[in-house]
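# Architecture at a glance
What follows is each chain in one-letter form.
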Amino acid sequence: MSNEKEKSLGEQLREQLGYKTKNGVSVMSAEEVAAADAYCEGYKHYLDVAKTEREAVDEAIAMAVAAGFVPFDPKMPLKAGDKVYLNNRGKALLLATIGTRPITDGVTIAAAHIDSPRLDLKPNPLYEDSELAYFDTHYYGGIKKYQWVAIPLALHGVIVRRDGSVVSVNIGEDDNDPVFCVTDLLPHLGQEQMKRPASEIIRGEDLNLLIGSRPFKDDEGSDAVKLNILNILHEKYDITEADFLSAELEIVPAFKAKDVGFDRSLIGAYGHDDRVCAYPAVTSLLAAGTPEYTAVAILADKEEIGSEGNTGMQSAFLRYFIDDIAAAFGEKGHHVLSKSICLSADVNAALDPIYPDVMVRSNAAKINHGVCITKYTGARGKSGTSDASAEYMAKVRGILDENEVLWQTGELGKVDAGGGGTVAMYIANLDVDTVDLGVPVLSMHAPMEVVSKIDVYMAHKAFLATMLRK
Ligand code: MN
Ligand code: MN
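Scoring rules and cut-offs
- Residues numbered from 1 in each chain as written.
- Chains lettered and ligands numbered in written order.
- Predicted model: local features only at pLDDT ≥ 70, side-chain atom pairs only at ≥ 80, totals over all residues.
- Heavy atoms only, no water.
- Helix = DSSP H or I, 4+ residues; strand = E, 2+ residues; numbered from the N terminus.
- Rg over C-alpha atoms; globule rule 2.2 N^0.38 Å.
- Buried < 20%, exposed > 50% of the residue type's maximum accessible area, 1.4 Å probe, protein only.
- Contact = heavy atoms within 4.5 Å.
- Salt bridge = Lys/Arg side-chain N within 4 Å of Asp/Glu carboxyl O.
- Donors = N, O, S within 2.8 Å, 3.2 Å for Na, K, Ca; no water.
- Phe/Tyr/Trp six-rings, centres within 6.5 Å; stacked < 30°, edge-to-face > 60°.
- Lys NZ or Arg CZ within 6 Å of the ring centre and 35° of its normal.
- Pairing = 2+ DSSP bridges.
- Axes fitted to C-alpha atoms, helices over the stretch in contact; angles between N-to-C directions.
- Polar contact = N/O pair within 3.5 Å; in protein donor to acceptor, adjacent residues only side chain to side chain.
- Patch = residues over 30% accessible without salt bridge, like charges linked within 9 Å, V, L, I, M, F, W, Y side chains within 5 Å.
- Areas by Shrake-Rupley, 256 points an atom, 1.4 Å probe, with all protein chains shown as cover.
- Expected span 1.5 Å × (residues − 1).

When helices and strands are counted, the protein shows twelve helices and 22 strands. Computed over C-alpha atoms, the radius of gyration of the protein comes to 24 Å, within 12% of the 23 Å expected from 2.2 N^0.38 for 470 residues, which places it in the range of a compact globule. Along the first, second and third principal axes, the C-alpha set of the protein runs to 85 × 60 × 45 Å. Taking all 470 residues of the protein together, the buried fraction comes to 52%. Taking the contacts inside the protein whose residues are at least 6 apart along the sequence as the reference set, 76% of them involve residues at least 24 apart.

And the structure:
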């Protein structure tokens, strides 16, 4: 302090009275920055092994089981310190650690989603054209279609045969695996294509995955390349063409998570939205020990297409789970939910100085400025959002500040610039105090999204501090 110049009254007042976020590097110790970097090594591994909702569930269960979690049985007795998980159809997951307080004091929820924008195979995907074999696709979630051509793609998912037996597919991730791709038109012949609006440069029906080119030998049929692919699939997986009808096959970028920048401060990867909150939701629960309030981590499916269906957050599976936990203590689920709080753990857009026009700087999240609290999402006049109360915002602010969590606030862009939603409103609709809190992302929904390591670590700290509230 001694060599610091004395601050003027104006400077002092500005510090006391104003609100200004800071870059984590300027307020964190070197040790804490190193801890953030170390934490993100685990996160990068999760990104590489959990590119689909099914893989994200499997990996989270492996982490939880290693920490002593056991499958939840609605009839099991529960006591403080018990750690349980409920696997919802392999595509969504609930994890809970029973707290020391009465269950009717409410629970603490961190709710992330584990589905990401991608290309899905159509139910009848395989076809041949001009002696090339393709999978026909139907995109999932909000993508810029032109970003998905001419990049290496991997195929993940399951094929369920008529007898119920399951084939797991994961091709394109191992260094020795082949990859797939969607081809684009060469610029030499792209004059007319480049005049189309960006939303039509690549059309949805043009997103066809190139999967082979050699015909079946000794066959003169018009579909010998397709036949050869069917033969390879039959030999490798013991499936026939009809088995695609009962499959969920997802096409995702084939590259691994990588540090970005000379300073290695950022991570570039597919699927940050929303693994960048799902992973911290799990790690914070594992780190929370036995909290006072029962802590719940949710990894939900189908957020990118509206949270519909029995694995999405509009489903009753969370309500049933809370009902069952309450019943184990002789209580009613809605009495638990009404006293509960939730961090809807989802990403927000980071300020991108290349595209400043869509943001208002004073209400935009910045890379390295910490985890972002988003009071409301939605579009136009706050349509499609739960809009957290002032009281609950104050409570969350208090928890984060007391625990030295670096945080900031951000809107999803300018008013009327567009918009989007999260699972927040579906949990708030259960009479739970809910606010969005998550990591700012650059290039959201692109095949390679970018986040800051400091911000990822602060998401873990934020969920942990909230789970450990007194
Ligand atoms: Mn999201
Ligand atoms: Mn999204």
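The tally for this structure, following the rule as stated, stands at 23 salt bridges. For Glu32, the salt bridge goes to Lys461, with nearest N and O atoms at 2.7 Å. Of this pair, Glu32 sits in helix H3 (residues 30–49) while Lys461 sits in helix H12 (residues 453–467), placing them 429 residues apart in sequence. The burial state of Glu32 is the same as that of Lys461; both residues are buried. Glu241 is the partner of Lys226 in a salt bridge, and the nearest nitrogen-oxygen pair spans 2.8 Å. Taken as a pair, Lys226 in helix H6 (residues 224–237) and Glu241 in the loop between H6 and strand S10 (247–253) lie far apart in primary sequence, 15 residues in all. Taking the relative accessible area as the measure of exposure, Lys226 reaches 16% and is therefore buried. Each of Glu41, Lys44, Asp259, Arg264 and Lys453 takes part in salt bridges that share partners, so that together they form one network.

Before going further, it helps to examine the coordination of the manganese ion (ligand 2). In this structure, Asp273 (OD), Glu304 (OE), Glu304 (OE) and His445 (NE2) serve as the protein donors to the manganese ion (ligand 2), at separations of 2.0 to 2.6 Å. Each donor residue of the manganese ion (ligand 2) lies on the same chain, and together they follow the pattern D-x30-E-x140-H. Separating the manganese ion (ligand 2) from the manganese ion (ligand 1) is a gap of 3.3 Å, which Asp273 spans by donating to each of them. Placement of Asp273 in helix H7 (residues 272–287) and of Glu304 in the loop between strand S13 (294–300) and helix H8 (317–328) is noted, with a sequence separation of 31 residues between them. Both residues of the pair, Asp273 and Glu304, belong to the buried class.

A word on the packing of aromatic side chains. Tallied over the full model, the rule gives nine aromatic pairs. Aromatic pair Tyr46 and Tyr279: ring centres 5.3 Å apart, planes at 40°, arrangement tilted. Placement of the pair is Tyr46 in helix H3 and Tyr279 in helix H7, with a sequence separation of 233 residues. For the pair shown, Tyr46 and Tyr279 are each scored as buried. An aromatic cluster is defined as three or more aromatic residues linked by ring pairs; in this entry it consists of Tyr39, Tyr43, Tyr46, Tyr279 and Tyr457. Here the guanidinium or amino end of Arg118 rests over the ring plane of Tyr140, the centre of that ring lying 3.7 Å away. When the ring centre of Tyr376 is taken as origin, the NZ or CZ atom of Lys382, which lies over that ring, is 3.9 Å away.

Taken in spatial order, the three strands line up as S11-S12-S22 in an open sheet, and their pairing is antiparallel. Each end of this open sheet is capped by a strand with a single partner; those strands are strand S11 (258–260) and strand S22 (449–452). Between one strand axis and the next, the sheet turns by 35° as a mean value, whatever way the strands run. Sheet analysis places S11 next to strand S12 (residues 266–269), joined by three bridges and oriented antiparallel.

The next subject is the side chain of Thr294. With respect to the helices, strands and loops of the structure, Thr294 is situated in strand S13. The buried category is assigned to Thr294, whose relative accessible area is 3%. A distance of 2.9 Å separates a polar side-chain atom of Thr294 from the backbone nitrogen of Gly99.

Here the focus is the coordination of the manganese ion (ligand 1). Surrounding the manganese ion (ligand 1) are the protein donor atoms His113 (NE2), Asp273 (OD), Asp346 (OD) and Asp346 (OD), which sit 2.2 to 2.5 Å from the metal. Taken in chain order, the donor set of the manganese ion (ligand 1) reads H-x159-D-x72-D.

A cluster of nonpolar side chains, contributed by Leu9, Leu13 and Leu17, occupies part of the molecular surface with about 340 Å² of accessible area. Turning to its location among the elements, Leu17 is positioned in helix H1 (residues 9–17).

Next up on the list: unusual backbone geometry. In this structure, Asp274 follows Asp273 across a cis peptide bond, with omega equal to 20°. Relative to the helices and strands, Asp274 is located in helix H7. Phi is positive for Asn368, which is not a glycine, with a value near 75°. Here Asn368 lies in the loop between strand S15 (348–349) and strand S16 (371–374).

Here helix H4 (residues 53–66) spans 20 Å end to end across 14 residues, near enough to the 20 Å set by a 1.5 Å rise per residue. Burial in H4 covers these residues: Glu53, Glu55, Ala56, Val57, Ala60, Ile61, Met63 and Ala64.

Read from one edge of the open sheet, nine strands run S1-S2-S3-S13-S4-S14-S20-S16-S18, paired in mixed fashion. What marks the edges here is a single partner per strand, and that holds for strand S1 (70–71) and strand S18 (407–409). Judged from the five bridges that link them, strand S3 (residues 92–97) and S13 form a sheet pairing that is antiparallel. Looking across to S13, one finds that Ala96 is bridged to Val296. Seen against the sheet, H4 touches strand S2 (83–88), S3 and S13 and runs at an angle of roughly 20° to S3. Lying over the sheet, H7 contacts S3, strand S4 (107–113), S13 and strand S20 (433–438), oriented at roughly 150° with respect to S4.

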